[in-house]
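A structural walkthrough
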Amino acid sequence: MMNRLKLGIPKGSLQEATLELFSRAGWKIAISSRNYVPTIDDAEIECLLVRAQEMSRYVETGALDAGITGHDWVVETGSDVEELAELVYAKQRLSRVKWVLAVHEDSAIRQPRDLQGKVIATEIVRITERYLQRHEVSARVDFSWGATEVKVPQLADAIVEVTETGSSLRANRLRIVDTVLESATVFIINRAAAADTWKKEKAENLILMLQGAIAAASKVGLLLNVRREDLDRVVAILPALKKPTISMLSDPEWVAVNTIVEESVVRQILPKLKAANAQGIVEYPLNKIVL
């Protein structure tokens with residue numbers, strides 16, 4: 001009987017970003033609009049769509065061997081699972097997210113102790129209650145099913161809400177008072193599965209490729225030719241990961257330079273490279289970087 005890793009794929013806000021990440025890592029996952037069992041082009045992996053909020057509970061019980069969810073939901077549910085690795089990506093960009101305490105921009109609440117006797121709406125009730133305990137504040141914490149930003153000030157005095165950029169909070173005229181928890185997407189595994197040599201190795205190999213795809217997402221490769229006499233000027237312009245690779249060409253007076261840079265800096269350095277007498281400059285995309 002073939003070994004299989006039962007893997008939970010997050011349904012909801014992380015879904016599209018996760019499918020794209022797997023694609024760049026080398027796995028094609030297909031999801032039908034009416035089916036919660038995705039297909040994947042790897043006979044050793046069996047996928048199931050599960051809400052990120054519930055993922056860690058199913059991994060803890062062994063219904064799933066492993067899954068991708070937020071560290072915040074592992075903390076909120078108190079699930080006994082092993083976090084094998086961080087996968088730093090979110091719905092909108094490659095970054096961590098923050099759960100923040102926010103109030104209406106005109107609110108008199110300026111610090112946690114001002115919450116005494118107030119009402120707070122949030123999805124992460126347990127984390128928020130522990131936050132209040134740390135600050136020795138007594139307040140009512142109501143579970144919010146969504147659209148939490150619009151509940152202030154009519155339905156709640158404050159909210160604890162997740163944000164990547166803060167744009168939604170600003171659009172709803174909310175002001176951040178404090179950060180309650182910083183979180184990232186994590187790859188979690190069941191304790192028994194982690195003790196299984198095959199499943200642990202399969203999960204670690206999967207993580208290696210996913211992290212390689214994340215590392216490459218904002219970077220590109222640059223390949224160029226330059227005369228030896230101009231090499232030092234060109235190399236001084238390049239912000240390489242380590243050092244650029246320099247190769248000999250058939251003409252001994254010329255060398256090829258290959259390096260990896262942040263895509264965002266290409267528009268700044270390419271004119272400088274041209275001015276330093278670099279020629280045949282090629283920018284190419286990257287799928288994975290394994291450090």
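Residues numbered from 1 in each chain as written. Predicted model: local features only at pLDDT ≥ 70, side-chain atom pairs only at ≥ 80, totals over all residues. Heavy atoms only, no water.

Section: the sheet that holds strand 4 (residues 45-51)
Spatially, the 5 strands line up as an open sheet ordered 4-1-5-12-6, and their pairing is mixed. Whereas interior strands pair on both sides, the edge strands pair on one side only; in this sheet they are strand 4 and strand 6 (82-86). If you compare each strand with its neighbour and ignore which way they point, the axes differ by 30 degrees on average. Taken together, the 5 bridges between strand 5 (residues 66-70) and strand 12 (residues 185-189) define a ladder with antiparallel strand orientation. Of the residues in strand 12, the one forming a bridge with Ile68 is Phe187. Packing of helix 2 (residues 52-61) onto the sheet brings it into contact with strand 1 (5-11), strand 4, strand 5 and strand 12, and relative to strand 4 it is tilted by some 130 degrees. The sheet strands contacting helix 7 (residues 197-216) are strand 1, strand 4, strand 5, strand 6 and strand 12, and the helix crosses strand 6 at an angle near 25 degrees. (Pairing = 2+ DSSP bridges. Helix = DSSP H or I, 4+ residues; strand = E, 2+ residues; numbered from the N terminus. Axes fitted to C-alpha atoms, helices over the stretch in contact; angles between N-to-C directions. Contact = heavy atoms within 4.5 Å.)

Concerning the packing of aromatic side chains
The tally for this structure, following the rule as stated, stands at 3 aromatic pairs. For the pair Phe22 and Trp27, a centre-to-centre distance of 6.5 Å together with 70 degrees between the ring planes defines the contact as edge-to-face. Between Phe143 and Trp145 the ring centres are 4.8 Å apart and the planes differ by 90 degrees, which places this aromatic pair in the edge-to-face class. Using a relative accessible area of 40% as the deciding quantity, one classes Phe143 as partly exposed. Owing to a relative accessible area of 79%, Trp145 belongs among the exposed residues under this scheme. The ring of Tyr58 carries Arg57 above its face, with NZ or CZ at 6.0 Å from the centroid. (Phe/Tyr/Trp six-rings, centres within 6.5 Å; stacked < 30°, edge-to-face > 60°. Buried < 20%, exposed > 50% of the residue type's maximum accessible area, 1.4 Å probe, protein only. Lys NZ or Arg CZ within 6 Å of the ring centre and 35° of its normal.)

Focus on the nonpolar core
Formed by 30 residues in total, the largest nonpolar core has its most connected members in Leu7, Ile9, Phe22, Tyr89, Phe187, Leu206 and Leu210. Taken together, the elements giving at least two residues each to this core come down to strand 1, helix 1 (15-25), strand 4, strand 5, strand 12, helix 6 (191-194) and helix 7. A total of 6 residues in this core trace back to one element, the largest contributor, which is helix 7. The residues contacting Phe22, other than those within four sequence positions of it, are Leu7, Ile9, Trp27, Ile29, Ile68, Leu206 and Leu210. (Core = buried A, V, L, I, M, F, W, Y, C linked by side-chain atoms within 4.5 Å.)

Some points on the sheet that holds strand 16 (residues 279-285)
Strand order in this open sheet of 4 strands is 14-15-13-16, and the pairing throughout is antiparallel. Each having just a single partner strand, strand 14 (245-248) and strand 16 make up the two edges of the open sheet. Each neighbouring strand pair of the sheet contributes to a mean axis angle of 20 degrees, computed without reference to strand direction. Where strand 13 (residues 219-227) and strand 15 (residues 254-262) come together, 9 bridges link them in antiparallel fashion. From the neighbouring strand, Leu222 faces strand 15, where its bridge partner is Thr259.

Let's talk about the environment of Ser32
With respect to the helices and strands, Ser32 occurs in the loop between strand 2 (29-30) and strand 3 (39-40). In this structure, the C-alpha to C-alpha distance between Ser32 and Asp157, residues 125 residues apart in sequence, is 41 Å.

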